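Summary of structural features
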Amino acid sequence: MKNEVKVHEVNPSNFKNRRDFLKISGLAVAGTGLLLAGCNDDDDNGTPDDQQLPGVRNGVFDLGGGDLGILTYAYALEQLEADFYTKVVNATGFAATFNSTEQEVLTDLYKHELIHREFFKAAITGVLVEAGQDPAARLLPNLTFDYGTLNFSDRNSVLATSKALEDTGVAAYNGAGRYIVNPAYLLLAGKIVSVEARHASAIRSLINPNSTDFAGDDVVNITTGLDVARKPSVIIGEVKSLNIIQNNFTANYLS
Amino acid sequence: MNILKFLEPFTNDNLVNGIGSRRDSFTQFGNIGKKVALASIPFGLAAISNKSFAADIGPTPNTPTGALQFALILEYLEKEFYILGLQSGVIPTGGRDEKVFMQISAHETDHVTFLANALGANAPVKPTFDFTVGGMFDPFNATINDSTAAYAQFLVLAQAFEDTGVRAYKGQAANLISEPQLLEYALQIHSVEARHASEVRRLRGLKGWITGNERGAGMPVETQGTYNGEQEIMQAGFNTSTSAGLFGPAAGSESFDEPLSTQAVVDIANVFIV
């Protein structure tokens, strides 16, 4: 039953901190805590609250804070990746643009990222429902994307974008791990980040096979042997600067 | 098949009684493997068959320091393996393979230095490794005088070590959760191991990711322990195979890597520790 979400409410008058507020086994929320039904829901009135739930504030969706904020942040990144590869594999001339190996890799990445996206959607929804929250208000909506002048029939452009997205994913999960409170979530992030790193390696190898790029000196520190890790706020700034995500959103509670 | 029944002939004499060395027992399994499907037997079987072998390492404590000590043991193993491989001449020179393994070797050496520095006085001493497992493998072409065959074995072990490394670090994450900076360092090594694993697998003609619990073409059954459990398709209650719009168990299992317990990794490492 380890995968079943269980929420046991305790008497709020007794809780010492928010971790005690929710006792959840398996897929659990801890740390910043969740607003439960019956608590004062005031985060639509423009006053930032201390519950840090994902949701609309001042007319803009905020990713929220705490573990649920990190999950929502990951969900946003996985939406981007899934959308990108969906467009890649469905582009006119996909079979002509890429050789058979490249098609296989890109098709696998399409599947994996779509699975990641659907996983986060289900997981976050489950946590919200169990906590008495309305997913319609708290779940990050489906984002819309625009890749500008990116030519999906140009091999080099697609692979370069893929490389950037996968490396960003690795850096994002690596940099978010330290902010995750619940070990179950940390493990899930770990299960995903290594797949992102396998992707990044493969794409880099497709671009430049006869090289060290699969784990290149641009991403793995040549002294420490450590991969890149970047804070959520840094990653979000980078992603926003690409102007691919068409929705406005904020991340006021992420580090 | 009934694994216990299969194991019976081997568990009632020299394996349990410690008469034969682990090297002998592993050789036996190598021979038996030709006629019997050994798919369910873990890589580290030898470790449970003969614990009288004095140099075996034990599980590290479930603490931040224990996690880093455990990581350092694995990095010692990888560092030495790649240095010996590069020295042996089995890796084809002047092309992709040599570049790849020089890069991987550099990273593993960096990881040893980094972890040893982080641990300071708590750093464990480097074990003594035998990458031939008592003559079962010859990854450095010491005896078989066939560099092509030796290199194939080198690649097999490289894949097993990298895929094991990814799972091992993942399994230690929870032990580091109380030390955010150490956790981040471990994650930063973890993803490098995954980059390595992907490239080594692709050098061997496989996908960079693990499908089901498949160890992949050319991998001997003794490496199956590295892959058992990777077929998981239930993630926090979500079915990654059959949920609406998804693609079945192959893609579902590929999209999430699974952890290995400390004991499972220790059992694997002990196969190579003498």
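Residues numbered from 1 in each chain as written. Chains lettered and ligands numbered in written order. Predicted model: local features only at pLDDT ≥ 70, side-chain atom pairs only at ≥ 80, totals over all residues. Heavy atoms only, no water.

**Remarks on the overall build of chain B**
Formally: We count a stretch as a helix when DSSP gives it H or I for four or more residues in a row; a strand needs E for two or more, and each element gets its number in order from the N terminus. Working definition: with a 1.4 Å probe on protein chains only, accessible area under 20% of the residue-type maximum means buried, over 50% means exposed, and in between means partly exposed. We call two residues contacting when some pair of their heavy atoms lies within 4.5 Å. Note on areas: these come from Shrake-Rupley sampling with a 1.4 Å probe, and a residue is covered only by the protein chains present in the view.
Each helix and strand counted, chain B has 10 helices and two strands in total. Along chain B, helices (α) and strands (β) appear in the sequence α-α-α-α-α-α-α-α-β-β-α-α when read from the amino end. When the 274 residues of chain B are sorted by exposure, 57% land in the buried category. Put simply, of all contacts in chain B between residues at least 6 apart along the chain, 71% involve residues at least 24 apart. Only carbon and sulfur atoms are counted for the fraction: they give 56% of the accessible area of chain B, which is about 10300 Å².

**Some words on the interface of chain A and chain B**
The figure often quoted for interface size is the accessible area lost as the parts come together. Note the following rule: What gets called buried area is simply the loss in accessible area from a 1.4 Å probe that two parts show on being joined, summed for both. By definition here, a salt bridge exists when the distance from a side-chain nitrogen of Lys or Arg to a carboxyl oxygen of Asp or Glu is within 4 Å. Residues adjacent in sequence count toward polar contacts only when both atoms are side-chain atoms; beyond that, a polar contact is any pair of N or O atoms within 3.5 Å, and within protein one must be able to donate a hydrogen and the other to accept it. In the scheme used here, Gly and all other residues not listed as nonpolar or charged are polar, with Ala, Val, Leu, Ile, Met, Phe, Trp, Tyr, Cys and Pro taken as nonpolar and Asp, Glu, Lys and Arg as charged.
In this complex, chain A contributes 64 residues to the contact, which on the side of chain B involves 56 residues. Across the chain A to chain B interface the summed buried area is about 4800 Å²; carbon plus sulfur atoms make up 62%. For chain A, the biggest contributors to the area lost against chain B are Arg178, Arg198 and Phe214 of chain A; these three give 17% of the whole. Our enumeration of links across chain A and chain B arrives at seven salt bridges. The closest approach of N and O atoms between Arg198 of chain A and Asp163 of chain B, which form a salt bridge, is 3.0 Å. Taken together, the connections running from chain A to chain B amount to 31 residue pairs in polar contact (both at pLDDT 80 or more). For the side of chain A that touches chain B, the secondary-structure elements that each account for two or more residues are α4 (100–130), α6 (155–176) and α7 (183–207) of chain A. The element contributing the most residues to the side of chain A that touches chain B is α7 of chain A, with 19 residues. For the side of chain A that touches chain B, the per-class residue count stands at 32 nonpolar, 21 polar and 11 charged.

**Quick look at the packing of helix α2 (residues 66–90) of chain A against α6 of chain A**
All names here are of chain A. Inclusion rule: In this description, a line fitted to the C-alpha atoms serves as the axis of each element, helices being fitted only across the stretch in contact, and the angle between N-to-C directions of two axes falls anywhere from 0 to 180 degrees. Should an angle fall under 35 degrees it is called roughly parallel, over 145 degrees roughly antiparallel, and 65 to 115 degrees roughly perpendicular, with every other angle called oblique. Should the near helix be turned anticlockwise from the far one by less than a right angle, the crossing is termed left-handed; should it be turned clockwise, right-handed.
Where α2 contacts α6, the axes come no closer than 11 Å and their chain directions differ by 165 degrees. In this view, α2 runs roughly antiparallel relative to α6, as classed from their interaxial angle. Seen from above, α2 lies across α6 with left-handed handedness. Contacts between α2 and α6 involve Ile70, Tyr73, Ala74, Leu77, Glu78, Leu80, Glu81, Phe84, Tyr85 and Val88 from the first element and Val158, Thr161, Ser162, Leu165, Glu166, Ala172, Tyr173 and Ala176 from the second.

**What about the side chain of Gln172 of chain B?**
By the element assignment, Gln172 of chain B lies in helix α7 (residues 147–172). Those residues in contact with Gln172 of chain B that sit more than four places away from it in its chain are Ala67, Phe70 and Thr262 of chain B.

**With respect to the packing of aromatic side chains**
We apply this condition: Ring pairs are drawn from Phe, Tyr and Trp, using the six-membered ring of Trp, whenever the two centres fall within 6.5 Å, and their geometry is named by plane angle: stacked under 30 degrees, edge-to-face over 60, tilted for the rest. Any Lys NZ or Arg CZ that is within 6 Å of a ring centre and within 35 degrees of that ring's normal is treated as a charge sitting over the ring.
Summed over the entire model, instances satisfying the criterion amount to 25 aromatic pairs over all chains. On the numbers, 5.8 Å between centres and 25 degrees between planes, the contact of Tyr82 of chain B with Phe101 of chain B is stacked. Pair noted here: Tyr82 of chain B is in helix α5 (residues 64–88) and Phe101 of chain B is in helix α6 (residues 96–119), with a separation of 19 residues, a long-range link. Comparing Tyr82 of chain B with Phe101 of chain B, the two get one shared label, buried. Among the aromatic residues, those joined into a ring-pair cluster are Phe81, Tyr82, Phe101, Phe129, Phe131, Phe140, Tyr151, Phe154, Phe161 and Phe272 of chain B. The ring centre of Tyr179 of chain A lies 6.0 Å from the NZ or CZ of Arg178 of chain A, which sits over that ring. Here the basic side chain of Lys240 of chain A rests over the ring of Phe249 of chain A, its NZ or CZ set 4.7 Å away from the ring centre.

**Quick look at the environment of Met219 of chain B**
Along the chain, Met219 of chain B turns up in the loop between α8 (180–203) and β1 (234–235). Among residues more than four places away in sequence, those in contact with Met219 of chain B are Val156, Gln159, Ala160, Arg204 and Tyr227 of chain B.

**A closer look at the side chain of Arg195 of chain B**
Mapped onto the secondary structure, Arg195 of chain B falls in helix α8. Here the side chain of Arg195 of chain B touches Asp227 of chain A through a polar contact of 2.7 Å, side chain to side chain. In this structure, Arg195 of chain B is in contact with Asp167, Val170, Ala197, Ala200, Ser201, Arg204, Phe214, Ala215, Val219, Val220 and Asp227 of chain A, ignoring residues within four places of it in sequence.

**Examining the sheet that holds strand β5 (residues 249–250) of chain A**
Two pairing modes exist for strands in a sheet, parallel and antiparallel, and in both the strands are linked by backbone hydrogen bonds. All names here are of chain A. Put simply, the rule is: Pairing between two strands requires that DSSP report at least two bridges joining them.
Ordered in space as β3-β4-β5, the three strands form an open sheet in which the pairing is mixed. Every interior strand has two partners, whereas the edge strands, β3 (55–57) and β5, have only one. Bridge count between β3 and strand β4 (residues 60–62): three bridges; the pairing is antiparallel. Bridge pairing in β4 links Arg57 to Val60.

**Concerning the nonpolar core**
As a rule of thumb, soluble globular proteins bury nonpolar side chains together. Quick reminder of the rule: Side-chain atoms within 4.5 Å link the members of a nonpolar core, which is a set of buried Ala, Val, Leu, Ile, Met, Phe, Trp, Tyr and Cys residues.
Counting 125 residues, the largest nonpolar core has Tyr73, Phe84, Phe119 and Phe120 of chain A together with Phe81, Phe101 and Phe154 of chain B as the members making the most contacts within it. For this core, the leading source of residues is α2 of chain A, giving 13 residues.

**Some details on the confidence of the model for chain B**
Going by this rule: Values of pLDDT, ranging from 0 to 100, describe the predictor's confidence in every residue of the model.
Looking at chain B, pLDDT values average 84 and 80% of them are 70 or higher. Predicted confidence is poor over residues 1–54 of chain B, with pLDDT under 50, and the contacts of this stretch with residues over four places away or in other chains come to 87 contacts.

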